[in-house]
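The chain contents come next:
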Amino acid sequence: MRILDSEAQRIELDFASLSRAEIEVFCIDPHLAQALDAAYWRFMMFARGTTAVTAEEEAQVEWDRRRFRKYVTKVRQGWDHALPIRFMHEECGLPYATTRRMPGCARSKRRNGGKVCTC
């Protein structure tokens, strides 16, 4: 995991590194960053229908939809920002203090072309 001193160093659409601002604002432990990212996008693929890229991911999505049906059902009833947090904490065993900030971090990056902030 590459740690950037500022967001200005980040290349557009760089989702594989962390900035010091990101670590501070979202309280992300750099050692957990890859596991958090994987858990978050795993949830988004099976629960929200975000497109799987590979056949392996598609197989994982189908397995997850069967195994974690309670999340898929709740998403269809209406989006709840607590669902990915609960999934990452309860099903993936990641610390709650970190998982509760991950959706905000992901939304921020998605809105800003991979950057946490545009400042």
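Structure: see above.
Residues numbered from 1 in each chain as written. Predicted model: local features only at pLDDT ≥ 70, side-chain atom pairs only at ≥ 80, totals over all residues. Heavy atoms only, no water.

With that out of the way, let us pick up the nonpolar core. If you look at the biggest cluster of nonpolar residues, it comprises 22 residues, and the most contacted ones within it are Ile28, Phe43, Phe46, Tyr71, Phe87 and Met88. Here this core gets nine residues from one element, more than from any other, and that element is helix α2 (residues 33-48). With sequence-adjacent residues up to four places away left out, tyrosine 71 is seen in contact with Phe43, Phe46, Leu83, Arg86, Phe87, Glu90 and Glu91. (Core = buried A, V, L, I, M, F, W, Y, C linked by side-chain atoms within 4.5 Å. Buried < 20%, exposed > 50% of the residue type's maximum accessible area, 1.4 Å probe, protein only. Helix = DSSP H or I, 4+ residues; strand = E, 2+ residues; numbered from the N terminus. Contact = heavy atoms within 4.5 Å.)

A separate point is the environment of phenylalanine 43. Inspection of the secondary structure assignment puts phenylalanine 43 in helix α2. Separated by 45 residues in sequence, phenylalanine 43 and methionine 88 place their C-alpha atoms 7.9 Å apart.

Another point: the packing of aromatic side chains. Tallied over the entire structure, the rule returns nine aromatic pairs. Ring plane angle 80 degrees and centroid distance 5.2 Å describe the contact between phenylalanine 68 and phenylalanine 87, whose orientation is recorded as edge-to-face. Here phenylalanine 68, found in the loop between α3 (55-67) and α4 (69-77), pairs with phenylalanine 87, found in helix α5 (residues 82-91); they are 19 residues apart in sequence, far enough to count as distant. Put simply, the rings of Phe43, Phe46, Phe68, Tyr71 and Phe87 touch in pairs and so form one group of aromatic residues. (Phe/Tyr/Trp six-rings, centres within 6.5 Å; stacked < 30°, edge-to-face > 60°.)

Time to look at the packing of α2 against α3. Running from N to C, α2 and α3 cross one another at 70 degrees; their axes reach a closest spacing of 9 Å. The pairing of α2 with α3 is recorded here as roughly perpendicular in orientation. Between α2 and α3 lies a crossing of right-handed hand. Contacts between α2 and α3 involve Arg42, Met45 and Phe46 on the former and, on the latter, Glu57, Gln60, Val61, Trp63, Asp64 and Arg65. (Axes fitted to C-alpha atoms, helices over the stretch in contact; angles between N-to-C directions. Parallel < 35°, antiparallel > 145°, perpendicular 65-115°, else oblique. Left-handed = near helix turned anticlockwise from the far one by under 90°.)

Going through the model one piece at a time under the given rule, you end up with five salt bridges. One salt bridge connects glutamate 62 with arginine 65, and the closest N-O pair in it is separated by 3.3 Å. Note that glutamate 62 and arginine 65 are positioned in helix α3 at a spacing of three residues, about one turn of the helix. By relative accessible area, which is 34% here, glutamate 62 ends up partly exposed. Across the pair glutamate 90 and arginine 86 runs a salt bridge whose closest N-O atoms are separated by 3.6 Å. Of this pair, glutamate 90 and arginine 86 both sit in helix α5, four residues apart, which is roughly one turn of the helix. On the accessibility criterion, glutamate 90 (45% relative accessible area) is partly exposed. Assessed through its relative accessible area of 27%, arginine 86 is described here as partly exposed. (Salt bridge = Lys/Arg side-chain N within 4 Å of Asp/Glu carboxyl O.)

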